[in-house]
Amino acid sequence: MSLLTVYNASAGSGKTTALIKEILKIILDLNNEGIDPKKIKQVIGLTFTNAVANELKKRLVDVLYKVVFDESNYQAHYFDESKLDKEEIKRRCKIALHYLLHHYSDVSLFTIDAFSN
């Protein structure tokens, strides 16, 4: 995995979904055997507006919640490339959701201006 991934695309192109998928890959460790939700500390997401930064945080928690409580078809959409079975994804999402709800400030998704100051 690269240490830096840059997404540069126009409005409505799916950047938020792509970013959430990448963050989930990191914190759920979808390519390996274990999970360490503390890896969220390794992620820095920079946007131009507070609205987008807040939307990313909200969407991350929302996706985890909906997978854990079997709402909608989120698991198929966000984890379509994972080799893990549905129950293992759900288990990892539950651990990550619990961690994020108790350590929300660890989620480093903010504006470029806030990052530079």
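A. How the structure looks around the packing of helix H1 (residues 15-28) against helix H2 (residues 50-68). Interhelical geometry of H1 versus H2 gives an angle of 60° and a closest axis separation of 10 Å. Taken as axis vectors, H1 and H2 run oblique relative to one another. For the element pair H1 and H2, the recorded crossing hand is right-handed. Judged by residue contacts, Thr16, Thr17, Leu19, Ile20, Ile23, Leu24 and Ile27 of H1 engage Leu56, Arg59, Leu60, Val63 and Leu64 from H2.

B. Region of the structure containing the pattern of salt bridges. What the rule picks out here adds up to eight salt bridges. Taking the shortest distance from any N to any O, the salt bridge between Glu22 and Lys25 comes out at 3.3 Å. A residue pair is termed a helical-turn pair when its members lie 3 or 4 positions apart in one helix, as Glu22 and Lys25 do in helix H1 at three residues. Via salt bridges that share partners, Glu22, Lys25 and Glu81 belong to a single interconnected network.

C. A look at the nonpolar core. With 26 residues, the main nonpolar core has Leu24, Ile27, Ile40, Leu60, Phe79, Cys93 and Leu100 as its most contacted residues. Breaking this core down by element, the ones donating at least two residues are H1, H2, helix H3 (74-78) and helix H4 (86-102). Among the elements that take part in this core, H2 stands out by supplying seven residues, more than any other. Other than its neighbours up to four places away in sequence, Ile40 contacts Ile23, Ile27, Leu60, Tyr99, Leu100, Asp106 and Val107.

D. Broad picture of H1. For H1, spanning 14 residues, the distance from its first C-alpha to its last is 20 Å, which sits close to the expected 20 Å at 1.5 Å a residue. Taken from the residues just after H1, Asp29 is the one with a positive phi, measuring 50°.

E. Seen up close, the environment of Val61. The topology assignment puts Val61 in helix H2. For Val61 and Ile20, which are 41 residues apart along the polypeptide, the C-alpha to C-alpha distance reads 9.8 Å. Sequence-distant contacts of Val61, that is, excluding residues within four places in its chain, are made with Leu97, Leu101 and Tyr104.

F. Quick peek at the environment of Leu100. Tracing the backbone through its elements, the reader meets Leu100 in helix H4. A sequence separation of 43 residues divides Leu100 from Lys57, and the C-alpha atoms of the two residues are 9.8 Å apart. Excluding residues that lie within four positions of it along the chain, Leu100 makes contacts with Ile27, Ile40, Leu60, Leu64 and Val107.

About the cut-offs
Residues numbered from 1 in each chain as written. Predicted model: local features only at pLDDT ≥ 70, side-chain atom pairs only at ≥ 80, totals over all residues. Heavy atoms only, no water. Axes fitted to C-alpha atoms, helices over the stretch in contact; angles between N-to-C directions. Helix = DSSP H or I, 4+ residues; strand = E, 2+ residues; numbered from the N terminus. Parallel < 35°, antiparallel > 145°, perpendicular 65-115°, else oblique. Left-handed = near helix turned anticlockwise from the far one by under 90°. Contact = heavy atoms within 4.5 Å. Salt bridge = Lys/Arg side-chain N within 4 Å of Asp/Glu carboxyl O. Core = buried A, V, L, I, M, F, W, Y, C linked by side-chain atoms within 4.5 Å. Buried < 20%, exposed > 50% of the residue type's maximum accessible area, 1.4 Å probe, protein only. Expected span 1.5 Å × (residues − 1).

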